[in-house]
Amino acid sequence: MQTAEVQTRDESLIWRTARIPVKHWGQSIKDLTEMHPDVRQTVERFVATWTQRYIPQDATMTQLPEDRSLVGKGLLLFGNAGTGKTTTASAVLTTIRRSYGGVVFFVPFADYVQALIDHRNWRDLYQATGDELARERFIQLQKMLDKVLTCPIVVLDDMGKEHHTSSGFAADVFDALIRGRHRNARPTILTSNNKPGDWDKTYNMSMQSFLTEACEVVAMTGRDHRRAA
Ligand SMILES: Nc1ncnc2c1ncn2[C@@H]1O[C@H](COP(=O)(O)OP(=O)(O)OP(=O)(O)O)[C@@H](O)[C@H]1O
Ligand SMILES: [Mg+2]
């Protein structure tokens, strides 16, 4: 009895560390009752084929799957507001963690872009002044950025809602991140209001084309769950 209680308490630490929105802590795919059958089939298959998608860095040749078509392949959940993208993405993270263990991580893409900017600013401040606080912030952000790049699975929530500048910083960041993760057999889950055919407007044409190689596209249709029936 005491062990069960300890395990329950410990689990909150997993979801907090993973930065999963509190509302979705501990919610697996099977806990979501209202889900379109096509979406359910795709996300359940995603979990079932995980070992063909994520290949650990120390894997040997014999551990590589014969069929490599799923290596590094994630999901792109797109649809209107309130159709359950964030809920579904969080549930996939939770289910992967419970089924296979390992580090899982959730971050709104806008926060990731901001973290990169802050990381650079704190580093510059530390280099200019030697300020201890600046050094601590820099190291904290460095750990978070490393996790997004290297953990077995990450959710980048709300793609396209980040601030875009004329320099194309957000687009470049996304390009490097998604290509790097895919190359190293680390699947990424993206959520967005943007249709896949519109991604050249927010990012660029080559990214739009690469997107279908890096992710299976899942249309989240149906009603806005936030509106009363
Ligand atoms: N399968 C589901 N069953 C029951 N409720 C759900 C389900 N999916 C989502 N909801 C509820 O609907 C609301 C909206 O879901 P969610 O935040 O996941 O939508 P979203 O598509 O991410 O919206 P946005 O585009 O605004 O980010 C939430 O309150 C969530 O709890
Ligand atoms: Mg959302």
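Just so you know, these numbers come straight off a predicted model, no measurement behind them. (Residues numbered from 1 in each chain as written. Chains lettered and ligands numbered in written order. Predicted model: local features only at pLDDT ≥ 70, side-chain atom pairs only at ≥ 80, totals over all residues. Heavy atoms only, no water.)

**Things to note about the sheet that holds strand β5 (residues 215-220)**
Two strands in a sheet stick together by hydrogen bonds in their backbones, pointing the same way (parallel) or opposite ways (antiparallel).
And step 1. If you walk across this open sheet you meet the 5 strands as β2-β3-β4-β1-β5, and the pairing is parallel. Taken across any chain shown, the strands that pair with only one partner, and hence form the sheet edges, are β2 (104-108) and β5. Strand after strand, the sheet turns through a mean of 15° between neighbouring axes, direction not considered.
And step 2. The sheet contact formed by strand β1 (residues 74-79) and β5 spans 6 bridges and is parallel. Bridging from a neighbouring strand, F78 pairs with A219 of β5.
And step 3. Across the sheet, helix α4 (residues 85-100) is in contact with β1, β2, β3 (153-159), β4 (188-192) and β5; its angle to β2 comes to roughly 160°. (Pairing = 2+ DSSP bridges. Helix = DSSP H or I, 4+ residues; strand = E, 2+ residues; numbered from the N terminus. Axes fitted to C-alpha atoms, helices over the stretch in contact; angles between N-to-C directions. Contact = heavy atoms within 4.5 Å.)

**Thoughts on the packing of aromatic side chains**
And step 1. All chains considered together, the criterion is met by 8 aromatic pairs.
And step 2. An angle of 75° between the planes, with centres 5.8 Å apart, marks the rings of F109 and F174 as edge-to-face. Residue F109 is found in helix α5 (residues 109-129), and its partner F174 is found in helix α7 (residues 169-183); the two are separated by 65 residues along the sequence.
And step 3. Note on F109: relative accessible area 0%, which makes it buried. (Phe/Tyr/Trp six-rings, centres within 6.5 Å; stacked < 30°, edge-to-face > 60°. Buried < 20%, exposed > 50% of the residue type's maximum accessible area, 1.4 Å probe, protein only.)

**Some details on the site of ligand 1**
And step 1. Taken together, 15 residues lie around ligand 1, and K23, E34, K85, T87 and H225 are the ones closest in.
And step 2. Separating an oxygen atom of ligand 1 from a side-chain N or O atom of T87 is a distance of 2.5 Å.
And step 3. The contact in question runs from an oxygen atom of ligand 1 to an N or O atom on the side chain of N193, over 3.2 Å.
And step 4. Among the elements that line the shell around ligand 1, the one with the most residues is α4, at 3 residues.
And step 5. In terms of residue class, the shell around ligand 1 is built from 2 nonpolar, 8 polar and 5 charged. (Near = heavy atom within 4 Å. Polar contact = N/O pair within 3.5 Å; in protein donor to acceptor, adjacent residues only side chain to side chain. Nonpolar A, V, L, I, M, F, W, Y, C, P; charged D, E, K, R; others polar.)

**Quick look at the environment of F109**
And step 1. Separated by 84 residues in sequence, F109 and W25 place their C-alpha atoms 20 Å apart.
And step 2. Beyond its immediate sequence surroundings of up to four residues, F109 is in contact with L156, D157, M159, E162, A170, V173, F174, L177 and Y203.

**Considerations on the confidence of the model for the protein**
And step 1. When pLDDT is averaged along the protein, the result is 92; 95% of the residues meet or exceed 70.
And step 2. Between residues 1-6, whose pLDDT stays under 50, and residues either more than four places distant or in other chains, the model counts 0 contacts. (pLDDT = per-residue confidence, 0-100.)

**As for α7**
And step 1. Taking 1.5 Å per residue, 15 residues should reach 21 Å; α7 reaches 21 Å between its end C-alpha atoms and fits that length.
And step 2. Buried residues along α7 sit in contact with α5, α6 (132-150), β3, β4, α8 (199-202) and α9 (205-214).
And step 3. One or two positions beyond α7, positive phi appears at A185, with a value near 60°. (Expected span 1.5 Å × (residues − 1).)

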